[in-house]
Amino acid sequence: MHECGLDGHVAFVDEYLSQRDIVDYLLASDIYVTPYLDPNQITSGTLAYALGAGKAIVSTPYLYAAEVLADGRGLLVDFRSEPGLADGVLRILDDGGFKHRLERDAYEYGRRMAWPCIGEQVMELFGEVASEETDAACQGIANLPPAGQLNVALDGTPSVPATPIALAGPV
């Protein structure tokens, strides 16, 4: 790092970090770089933290990064491309407005991944599914032939002529 003039500007930490340490490092960082080598990398907890912290992000396009950094929320560079990583970092450092936009977009996206938001989305989904199931059940009943025209055999197959069907309870 000394020969590149990066002393005091870049730190490499090659050890397991606690969640608190990860957050502290992220908050002290100007740019988060995630150079995974495997395109099938499923996820990255630190990338999720970086989004939540609103960091400008440069990454290789592994599965998770390609999804969460889509729509310009970060920069994606080719795998094993040191020049691509360097160009991405320099592009962000050279353009304060661009860096600010990346940070804003990352933070806004990251907020949607917070547990209260996820819980709200899950509850909305449950409500939609329950409503669709109720609508489908009611639609199925509404489409039954008039009483006296449908008979259901023990194996569940309908046949005609019929004995009236009585429904009891809420639908």
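Report follows, based on the coordinates. Please read all numbers here as calculations on a predicted model, not as lab measurements. (Residues numbered from 1 in each chain as written. Predicted model: local features only at pLDDT ≥ 70, side-chain atom pairs only at ≥ 80, totals over all residues. Heavy atoms only, no water.)

Comments concerning the packing of aromatic side chains
- On inspection of all chains with the given rule, the structure shows 1 aromatic pair.
- For the ring pair Tyr36 and Tyr62, a centre distance of 4.6 Å and an interplane angle of 75° mean the geometry is edge-to-face. Taken together, the positions of Tyr36 in the loop between strand 1 (31–34) and helix 2 (45–52) and Tyr62 in the loop between strand 2 (56–59) and helix 3 (63–68) put the pair 26 residues apart, joining distant regions of the chain.
- For Tyr62, a relative accessible area of 0% gives the class buried.
- Across from the ring centre of Tyr109, 3.9 Å away, lies the NZ or CZ of Arg73, which sits over that ring. (Phe/Tyr/Trp six-rings, centres within 6.5 Å; stacked < 30°, edge-to-face > 60°. Helix = DSSP H or I, 4+ residues; strand = E, 2+ residues; numbered from the N terminus. Buried < 20%, exposed > 50% of the residue type's maximum accessible area, 1.4 Å probe, protein only. Lys NZ or Arg CZ within 6 Å of the ring centre and 35° of its normal.)

So, the pairing of strand 1
- Pairing of strand 1 with strand 2, which is carried by 4 bridges, proceeds in the parallel orientation. Residue Thr34 lies in a different strand from strand 2, and its bridge partner there is Ser59.
- Handedness of the crossover joining strand 1 and strand 2 through helix 2: right-handed. (Pairing = 2+ DSSP bridges. Right-handed = clockwise from strand over helix to strand, strands pointing away.)

So, the layout of surface pockets
- When its volume is computed, the largest pocket comes out at roughly 1400 Å³.
- Considering the residues around the largest pocket, the lining is formed by 29 residues, among which Val10, Ala11, Phe12, Ile31 and Val33 are closest to the centre.
- For the lining of the largest pocket, the residue count by class is 21 nonpolar, 4 polar and 4 charged.
- Computed from the structure, the second largest pocket encloses a volume of approximately 160 Å³.
- Lining of the second largest pocket is provided by Ala48, Gly52, Gly110, Met113, Ala114, Trp115 and Ile118.
- Listing elements by their share of the lining of the second largest pocket, those giving two or more residues are helix 2 and helix 6 (115–142).
- Looking at the lining of the second largest pocket, its residues break down into 5 nonpolar, 2 polar and no charged. (1 Å grid on protein atoms, 1.4 Å probe; cavity = no way out; pocket = protein on both sides within 12 Å on 5 of 7 lines; lining within 4 Å. Points joined across faces, edges and corners; volume = space filled by probe spheres on them. Nonpolar A, V, L, I, M, F, W, Y, C, P; charged D, E, K, R; others polar.)

Quick notes on unusual backbone geometry
- Residues other than glycine seldom take positive phi values, yet Asp71 does so here, at roughly 60°.
- Structurally, Asp71 is set in the loop between helix 3 and strand 3 (75–76).
- Classification of Asp71 by relative accessible area gives exposed; the value is 70%.
- Although it is not a glycine, Arg80 sits at a positive phi angle of roughly 55°.
- With respect to the helices, strands and loops of the structure, Arg80 is situated in the loop between strand 3 and helix 4 (82–94).

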